[in-house]
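Read off the chains here:
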Amino acid sequence: MPRSVNHVASRARRKKILKLTRGYFGCRRNVWTVAKNTWEKGLTYAYRDRKDKKGNFRALWIQRINAAARLHDLSYSKLMGLIHKAGIEINRKVLADLALNNPEAFKAIVDKVKAMA
């Protein structure tokens, strides 16, 4: 009895991966073993960078808050310390958005914090 191999399923499995590696450079797109390794490595990069993205945005928010705070003669750390001491519950994302798109509201927060200090 001849050996039974499922060529249809194994070819489909390979084609699925090779379709996902279209646009890669050189052998990474069409040599099965290289393409498979590259695709798997790409998944790990994607997972890692989804986590890194959150830290990058936090750093951006801090830079924006710091730049706006320095226009009002405060540093970022002093401003955040005064905000927490004043008991104002506002996160960095919203504060950075106010600093960028609504400077009057940011100034009102800074003035309130300075008055309480």
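A brief structural summary.

Criteria and cut-off values
Residues numbered from 1 in each chain as written. Predicted model: local features only at pLDDT ≥ 70, side-chain atom pairs only at ≥ 80, totals over all residues. Heavy atoms only, no water. Salt bridge = Lys/Arg side-chain N within 4 Å of Asp/Glu carboxyl O. Helix = DSSP H or I, 4+ residues; strand = E, 2+ residues; numbered from the N terminus. Expected span 1.5 Å × (residues − 1). Bend = angle between axes of the 7 residues up to and from the residue. Buried < 20%, exposed > 50% of the residue type's maximum accessible area, 1.4 Å probe, protein only. Contact = heavy atoms within 4.5 Å. Core = buried A, V, L, I, M, F, W, Y, C linked by side-chain atoms within 4.5 Å.

## Regarding the pattern of salt bridges
Right, so step 1: The final tally for this structure, using the stated rule, is 3 salt bridges.
Right, so step 2: Residue K36 pairs with E40 through a salt bridge whose shortest N-O separation is 3.0 Å. Of this pair, K36 and E40 both sit in helix α2 (residues 32-70), 4 residues apart, which is roughly one turn of that helix.
Right, so step 3: For D49, the salt bridge identified is with R48, shortest N-O distance 2.9 Å.

## Structural notes on α2
Right, so step 1: With 39 residues, α2 should reach 57 Å at 1.5 Å per residue; the first-to-last C-alpha distance of 55 Å fits that figure.
Right, so step 2: The largest bend in α2 is about 25°, located at R50.
Right, so step 3: Where α2 is concerned, the buried positions are A35, T38, I65, A68 and A69.
Right, so step 4: Considering only its buried residues, α2 is in contact with α1 (7-20), α3 (76-86), α4 (92-101) and α5 (103-116).

## Here's the deal with unusual backbone geometry
Right, so step 1: Even without being glycine, D73 reaches a positive phi, approximately 60°.
Right, so step 2: With respect to the helices and strands, the residue D73 is situated in the loop between α2 and α3.
Right, so step 3: On the basis of relative accessibility, which here comes to 69%, the residue D73 falls in the exposed class.

## So, the nonpolar core
Right, so step 1: In this structure, L79, I83, I90, L95, F106 and I109 are the most contacted members of the largest nonpolar core, which totals 19 residues.
Right, so step 2: Broken down by secondary-structure element, the contributors of at least two residues to this core are α2, α3, α4 and α5.
Right, so step 3: The element contributing the most residues to this core is α3, with 5 residues.
Right, so step 4: Those residues in contact with I109 that sit more than four places away from it in its chain are I83, I90, L95 and L98.

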